[in-house]
Amino acid sequence: NSLIEKIFQNLKGNNSAIRLKRVSEFFISIFLLFLSLPIILISALLIKIEDGGPVFYFQDRTGYKGKVFKIIKLRTMKIDSEKNGPLWSKRNDSRITRIGKFLRKSRIDEIPQLLLVIDGKLSLIGPRPERPNFDIVLKEKIPFYNLRYFMKPGLSGWAQVNFPYGASQEDAKNKLSYDIYYIHNYSNLLDLVILFKTIKLVFNLRGAIALN
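Criteria and cut-off values
- Residues numbered from 1 in each chain as written.
- Predicted model: local features only at pLDDT ≥ 70, side-chain atom pairs only at ≥ 80, totals over all residues.
- Heavy atoms only, no water.
- Core = buried A, V, L, I, M, F, W, Y, C linked by side-chain atoms within 4.5 Å.
- Buried < 20%, exposed > 50% of the residue type's maximum accessible area, 1.4 Å probe, protein only.
- Contact = heavy atoms within 4.5 Å.
- Phe/Tyr/Trp six-rings, centres within 6.5 Å; stacked < 30°, edge-to-face > 60°.
- Helix = DSSP H or I, 4+ residues; strand = E, 2+ residues; numbered from the N terminus.
- Pairing = 2+ DSSP bridges.
- Patch = residues over 30% accessible without salt bridge, like charges linked within 9 Å, V, L, I, M, F, W, Y side chains within 5 Å.
- Areas by Shrake-Rupley, 256 points an atom, 1.4 Å probe, with all protein chains shown as cover.
- Salt bridge = Lys/Arg side-chain N within 4 Å of Asp/Glu carboxyl O.

K.L.:
So what's going on with the nonpolar core? Residues and values would help.
P.N.:
Membership of the largest hydrophobic core comes to 41 residues, with the highest contact counts inside it found for Leu-74, Tyr-182 and Ile-194. The residues contacting Tyr-182, other than those within four sequence positions of it, are Lys-21, Ile-125, Gly-126, Pro-127, Met-151, Trp-158, Leu-190, Asp-191 and Ile-194.

Right under this line is the structure:
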């Protein structure tokens with residue numbers, strides 16, 4: 001397929017840029033994690049006070065070349081939020097705790113994932129990793145869906161800064177077009193653009209809550 005060939009050619013031609021991305025994100029993540037330690041500690045205390053449950057939440061996600069790994073976040077949902085199985089988050093989701101609403105809106109819940117960037121399982125910038133349970137369905141419904149795992153997934157990405165929080169198959173299809181654009185046109189400059197757009201969204205408290 002010509003699209004797949006073009007993506008492979010672009011990634012192959014950007015080997016040095018991808019190596020620079022890995023090194024720079026490693027040191028940036030260490031700096032950000034150190035800087036945000038007080039925020040993590042305060043958030044952890046508030047989570048514990050609210051319902052006494054675990055502070056951190058671990059969840060399977062699909063990573064580079066389809067390999068499954070576990071992400072770590074500050075817990076924003078009630079302890080029994082998925083007793084009936086995995087569900088996409090929705091607007092005014094009753095499963096989200098009071099402190100969880102703020103942590104999600106401010107994206108503070110994402111900070112512990114910097115550990116995974118340091119470890120090399122995640123990038124700061126890349127296609128957002130999806131849950132394997134949803135991937136099984138999306139791969140069957142959406143052509144070229146697996147192309148998004150040709151690059152290491154990221155905390156933020158071109159889809160996240162250009163498209164509202166996705167919580168459906170149709171949203172996943174729309175986001176895929178942004179992910180493919182990112183991989184096809186990858187460059188360190190594009191990563192910088194996404195980084196600044198992400199910072200803007202975080203400060204404006206936008207893009208982290210489902211619209212539907």
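Still more ground to cover, so stick around.
K.L.:
Which residues make up the packing of aromatic side chains, and what are the values?
P.N.:
A full pass over the atoms with the stated rule returns four aromatic pairs. Judged by centre distance (5.2 Å) and plane angle (90°), the rings of Phe-26 and Phe-27 are edge-to-face. The exposure class of Phe-26 is partly exposed, given its relative accessible area of 27%. Take Phe-27: its relative accessible area is 53%, and that puts it in the exposed class. A centroid spacing of 5.7 Å and a plane angle of 80° characterise the contact between Tyr-182 and Tyr-186, whose relative ring orientation is edge-to-face. Across this residue pair, the class does not change: Tyr-182 and Tyr-186 are buried.

K.L.:
Describe the pairing of strand E2 (residues 68-74), with residues and values.
P.N.:
In terms of residue burial, E2 counts as a mostly covered element, since five of its seven residues are buried. Looking at chain direction, strand E1 (residues 56-62) and E2 are connected through seven bridges and run antiparallel. Opposite Asp-60, over in E2, you have Lys-70 as the bridge partner.

K.L.:
How would you summarise a nonpolar patch on the surface if you had to cite specific residues and measurements?
P.N.:
Residues Leu-189, Leu-192, Val-193, Leu-195, Phe-196, Ile-199 and Phe-203 make up a contiguous nonpolar surface patch of roughly 710 Å² in combined accessible area. With respect to the element layout, Phe-203 can be found in helix H8 (residues 188-203). Residue class for Phe-203 comes out exposed when judged on its relative accessible area of 70%.

K.L.:
Tell me what's going on with the pattern of salt bridges, and back it up with residues and numbers.
P.N.:
Here the structure, examined in full by the defined rule, presents nine salt bridges. When the shortest N-O distance is used, the salt bridge between Glu-25 and Lys-21 registers 3.2 Å. One end of the pair is Glu-25 and the other is Lys-21, both in helix H2 (residues 15-51) and four residues apart, which spans about a single turn. Put simply, Asp-191 and Lys-21 hold a salt bridge, and the shortest N to O gap is 2.7 Å. In this pair, Asp-191 sits in helix H8 while Lys-21 sits in helix H2, placing the two residues 170 residues apart along the sequence. Classification of Asp-191 by relative accessible area gives buried; the value is 7%. A single salt-bridge network, built from bridges that share partners, covers Lys-21, Glu-25 and Asp-191.

K.L.:
I'd like a description of the environment of Arg-131, backed by residues and values.
P.N.:
On the secondary structure map, Arg-131 appears in the loop between strand E3 (123-125) and helix H5 (132-141). Through-space distance from the C-alpha of Arg-131 to that of Phe-69 is 9.8 Å; in sequence the pair is 62 residues apart.

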